[in-house]
Amino acid sequence: MENCLFCKIAAGIIPSSKVYEDERVLAFNDIDPQAPTHFLVIPKEHITGAGAITEENSGIVAYIFEVIAKIAKEKGIESYRVVTNYGEEAGQTVPHLHFHVLAGRNLGWPPG
Ligand code: AMP
Ligand code: ZN
C-alpha cells in the first residue's frame, strides 16, 4: 500500500532494527520503546488493523503469535505482553496491523 510506513519498513525501503523476518512477517524494535524489550510484529501484507481481520486473512494472526512465541523462546523471555491498538481512541498511530511485544519490567494491570 502506498505511503504506509510499515509497508515501507516491510519492503526494506525504510530501515528498521530487525528482530526476525520471513516471507510472511517482520519483527523489528520499536523506535520509542516503552519497556526494556519492545518490538513490533507485522504482516508483510497490508492489513489496516485488528478491525480488518476477516475469515480470509485471519491465518496471519495465528502465525504472528507462533512467531512471537518462537522469538520469546530464543531470547529467553519468559513473561511478556502482546498488544494491538485499533483505532484512534485506542492509540493506533500507524494504520497497518502490528502487535507490540513488551517485556523486561513490571507492566502493571490494567493498562493506563
Ligand atoms: P501504535 O501507536 O499502536 O499504532 O504503534 C505504532 C508504534 O510504531 C509506536 O510504538 C511507534 O513508536 C512505532 N514506530 C513508529 N515509527 C517507527 C519506525 N520507523 N520504526 C520503528 N517503530 C516505529
Ligand atoms: Zn501497510
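Bear in mind the structure is a predicted one, so any value in this text is a computation, not a measurement.

1. Some points on the pairing of strand β2 (residues 25–29)
- Of all five residues making up β2, four are buried, and the element is well covered by its neighbours.
- Relative to β2, strand β1 (residues 18–21) runs antiparallel, the two being bridged by three bridges. The partner of Tyr20 across the bridge, within β2, is Ala27.
- If you look at the hairpin formed by β1 and β2, you'll find three residues sitting between the two strands.
- In this structure, β2 lies alongside strand β3 (residues 37–43), joined through five bridges in antiparallel fashion. Looking across to β3, one finds that Phe28 is bridged to Leu40.

2. As for the packing of aromatic side chains
- Counted by the stated rule, this structure contains two aromatic pairs.
- Aromatic pair Phe6 and Phe28: ring centres 5.4 Å apart, planes at 80°, arrangement edge-to-face. Taken together, the residues span a long stretch of sequence, with Phe6 in helix α1 (residues 5–10) and Phe28 in strand β2 at a distance of 22 residues.
- Residue classification places Phe6 among the buried residues on the basis of a relative accessible area of 5%.
- Judged by its relative accessible area of 4%, Phe28 falls in the buried class.
- The cationic tip of Arg24 hangs over the ring face of Tyr63; the distance from NZ or CZ to the ring centre is 4.4 Å.

Conventions adopted
- Residues numbered from 1 in each chain as written.
- Chains lettered and ligands numbered in written order.
- Predicted model: local features only at pLDDT ≥ 70, side-chain atom pairs only at ≥ 80, totals over all residues.
- Heavy atoms only, no water.
- Buried < 20%, exposed > 50% of the residue type's maximum accessible area, 1.4 Å probe, protein only.
- Helix = DSSP H or I, 4+ residues; strand = E, 2+ residues; numbered from the N terminus.
- Pairing = 2+ DSSP bridges.
- Phe/Tyr/Trp six-rings, centres within 6.5 Å; stacked < 30°, edge-to-face > 60°.
- Lys NZ or Arg CZ within 6 Å of the ring centre and 35° of its normal.

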